[in-house]
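An overview of the molecular structure
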Amino acid sequence: MPKHYLVVDLEGTCCDDGSLPNEERETIEIGGVLVMCPGVIVHDFETCVRPVRHPKLTPFCTELTGIAQFMVDEAPLFPAALSNMECWLKPYRQDIGCFVSWGKYDWQQLKRDCAYHGIPYPFNFGCRNLAGVSKPFVGRMNKRRIMQRFGIVQQGRRHRGLDDARNYARIVCAMLKAGWLPS
């Protein structure tokens, strides 16, 4: 049985006018939280990432995420940011059972960024969509209702990588304590 689960949330470049195709979106923030069985948050990681294809954030993106232009201008490029994340994970790597995110966007976006930058996708353990795997356990609920069911109060700002990852990790912890085991 795995000892840890890696809960990840990404924020990416975005716009509200349809002018940015999904395949050209880039990660601008990575938030990660390690959860240890039976449901304890161990450690977290956060970095902004400097986009290269569309380096200027749209006003919509800044308003949605709270990520300012100077934050990405001063951030590492994706390969260095991912390398920093891998260094953070190194002590736990052999004990990670799966990558958990809300929906498929996060791991698909990481794969797109890796392909664009010509680097290998580093997470060779399974991926779990928390929105999907929680349905048999808690029924068909959105994030807000799942958090309410477990008595979890939203913390931090929505659409910030680490804040969202921490809230998803709290859902994972509650589900693990209640008997959920991702397969």
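For the structure, see preceding data.
Keep in mind the model is a prediction, meaning the values are calculated, not measured.

Read across the open sheet, the five strands follow the order S3-S2-S1-S4-S5; overall the sheet is mixed. Among the strands making up the open sheet, the edge pair consists of strand S3 (40–48) and strand S5 (126–129). On average, adjacent strands in this sheet sit at an angle of 25 degrees to one another, irrespective of strand direction. Pairing of strand S4 (residues 96–101) with S5 involves four bridges; the strand directions are parallel. Looking across to S5, one finds that Ser101 is bridged to Asn129. Relative to the sheet, helix H3 (residues 78–89) contacts strand S1 (4–12), strand S2 (27–36), S3 and S4, its axis offset from that of S3 by approximately 160 degrees. Of the strands in this sheet, S1, S2, S4 and S5 touch helix H4 (residues 105–117), which is tilted by about 70 degrees from S1.

If you check helix H8 (residues 161–177), its first and last C-alpha atoms are 24 Å apart, about what 17 residues at 1.5 Å a residue would give, namely 24 Å. Two residues or fewer after H8 comes Gly179, characterised by a positive phi angle close to 110 degrees.

Another aspect to go through is H4. Over its 13 residues, H4 extends 18 Å from the first C-alpha to the last, a length consistent with the 18 Å expected when each residue adds 1.5 Å. On its buried side, H4 packs onto S1, S2, H3, S4 and S5. Positive backbone phi, at 70 degrees, marks Gly118, one or two positions downstream of H4.

On to the environment of Ala174, then. Residue placement: Ala174 occurs in helix H8. Residue class for Ala174 comes out buried when judged on its relative accessible area of 18%. Setting aside its immediate chain neighbours within four residues, Ala174 contacts Phe150 and Ile152.

Across the junction of Cys37 and Pro38, the peptide omega takes the value 10 degrees, indicating a cis bond. Positionally, Pro38 belongs in the loop between S2 and S3. The phi angle at His159 is positive, at roughly 65 degrees, despite the residue not being glycine. For His159, a relative accessible area of 27% gives the class partly exposed.

On to the side chain of Asp164, then. Within the element layout of this structure, Asp164 appears in helix H8. Here Asp164 is buried and forms no salt bridge, its nearest opposite-charge partner Arg158 lying at an N-O distance of 5.6 Å. A distance of 3.0 Å separates a polar atom in the side chain of Asp164 from the backbone nitrogen of His159. Apart from residues lying up to four places away in sequence, Asp164 is in contact with Asp9, Glu11, Gln154, Arg157, Arg158 and His159.

Cut-off values and rules
- Residues numbered from 1 in each chain as written.
- Predicted model: local features only at pLDDT ≥ 70, side-chain atom pairs only at ≥ 80, totals over all residues.
- Heavy atoms only, no water.
- Pairing = 2+ DSSP bridges.
- Helix = DSSP H or I, 4+ residues; strand = E, 2+ residues; numbered from the N terminus.
- Axes fitted to C-alpha atoms, helices over the stretch in contact; angles between N-to-C directions.
- Contact = heavy atoms within 4.5 Å.
- Expected span 1.5 Å × (residues − 1).
- Buried < 20%, exposed > 50% of the residue type's maximum accessible area, 1.4 Å probe, protein only.
- Lys, Arg positive; Asp, Glu negative; His and termini not counted.
- Salt bridge = Lys/Arg side-chain N within 4 Å of Asp/Glu carboxyl O.
- Polar contact = N/O pair within 3.5 Å; in protein donor to acceptor, adjacent residues only side chain to side chain.

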